[in-house]
Every structure is written in C-alpha cells, then in structure tokens.
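# Structure at a glance
Residues per chain, in single letters:
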Amino acid sequence: MAKDSELLEHVRTLMRVMLVSERTQPQHQHVIRFNALDFHTLGMLRQGAPVRATAIADALGIAPTTISSVVSRLIKRGLIIRAQSADDRRAFDLSLTDEGREIAEAIHRQDLRNMNLFLSALDDEDQNRLLDILGQVVRRVAELEQKSG
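First, a word on what this report is: a plain description of the structure on this page. (Residues numbered from 1 in each chain as written. Predicted model: local features only at pLDDT ≥ 70, side-chain atom pairs only at ≥ 80, totals over all residues. Heavy atoms only, no water.)

## Things to note about the packing of aromatic side chains
One pass over the full model with this rule turns up zero aromatic pairs. The ring of Phe92 has Arg82 sitting right over it, with the charged end atom 5.0 Å from the ring centre. (Phe/Tyr/Trp six-rings, centres within 6.5 Å; stacked < 30°, edge-to-face > 60°. Lys NZ or Arg CZ within 6 Å of the ring centre and 35° of its normal.)

As structure tokens, then:
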C-alpha cells in the first residue's frame, strides 16, 4: 500500500473513532443528535466566546448558510445563545449556555481520554516524535491554507 493511502486509512480510522466516541457520554446521549459540525461548533465556542458565526464558518471551512443552520439548530436545543455584538450593532456574537458548556466540556474530556488511550500505544520517546511530526504536518497545512485563501 502506498504511503499516502496508508496515511489516509489511518486518519480515517482515527476520525471515525473520535466522532463516535464524542457521543458516548451516557449523560449526554440523545441530548443532541450526532452531527460533527455541532461538536466542532461547540468546541470552538468552548475555547473562547463570544464568537461570530462567520469566524466559525471560516475556521471549519464551511459555507455561511451551513453555519447558519448549525447555529439555528444549537439555539433551538438551548446550547448556544446569539446576542447583538457590542462592537458592531449589525453583527451577532455566539456563546454557550450553561448546558452547552457542560456538553462541550464533556466532549473535550472524552477527546482527551481518547488521545491518552491512543498515545498509550507508544513509549514517551515515540509520543514526542509523533507530536513533532504531526506538528510539521499541521504547519504545512496552515501554510497551504494561507496561500489558497
């Protein structure tokens, strides 16, 4: 198998495991129907609210209409709120509700548990090498994104 195909399969496996694991917290099962964009949006708001929907759409590489439907869905579910921006009266900022923060934190804790489990396959030296290599790949991706956009 070619290196690019092998890497693709590894990345797909990790993504599948991460996305499935994010919804397995018993206290949060069925709270929101599984949707990766919902989880990513909650995660971005967890990192620092308030955030504008356009910033989330840009970061996730999705269309404004797509983020609009994600935001509407999360507002309906009581997980985020939208308020007029203090800086720009034409814009709206998004932030988590208490319930949204609880779910976003639970997802984050589960992600960290998954990472610890994945890294446990490696000794400390290999973990450090993996992090260095992935850092190089991420920097290259960021470089390519800057050039294209």
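Next, the rest of the story.
## Some words on helix 2 (residues 36–47)
Helix length check: helix 2, at 12 residues, gives a terminal C-alpha distance of 17 Å against a target of 16 Å (1.5 Å per residue), a fit within 8%. Among the residues of helix 2, Asp38, Phe39, Thr41, Leu42 and Leu45 are the ones counted as buried. Here the buried residues of helix 2 occupy an arc of 165 degrees about the axis, which is enough to place them on one side. (Helix = DSSP H or I, 4+ residues; strand = E, 2+ residues; numbered from the N terminus. Expected span 1.5 Å × (residues − 1). Buried < 20%, exposed > 50% of the residue type's maximum accessible area, 1.4 Å probe, protein only. Arc of directions from axis to C-beta.)

## Focus on the packing of helix 2 against helix 3 (residues 53–60)
Where helix 2 contacts helix 3, the axes come no closer than 11 Å and their chain directions differ by 120 degrees. As summarised for this structure, helix 2 and helix 3 are arranged oblique, according to the angle between their axes. You can see that helix 2 and helix 3 cross each other, and the crossing is right-handed. Here helix 2 contributes Leu37, His40, Thr41, Met44 and Leu45 to the contact with helix 3, which in turn contributes Ala55, Ile56, Ala59 and Leu60. (Axes fitted to C-alpha atoms, helices over the stretch in contact; angles between N-to-C directions. Parallel < 35°, antiparallel > 145°, perpendicular 65-115°, else oblique. Left-handed = near helix turned anticlockwise from the far one by under 90°. Contact = heavy atoms within 4.5 Å.)

## Structural notes on the pattern of salt bridges
Evaluated as defined, the whole model comprises 10 salt bridges. One network of salt bridges, in which partners are shared, links Asp38, Arg73 and Arg77. (Salt bridge = Lys/Arg side-chain N within 4 Å of Asp/Glu carboxyl O.)

## As for the sheet that holds strand 1 (residues 51–52)
The antiparallel open sheet is built from three strands, whose spatial order is 1-3-2. Pairing within the sheet leaves two strands with one partner each, and these edge strands are strand 1 and strand 2 (80–84). Direction of pairing for strand 1 relative to strand 3 (residues 92–96): antiparallel, over a ladder of two bridges. Each residue of the ladder has a partner; that of Arg52, found in strand 3, is Asp93. On top of the sheet, helix 2 reaches strand 1, strand 2 and strand 3; it is set at about 95 degrees to strand 3, its chief contact. (Pairing = 2+ DSSP bridges.)

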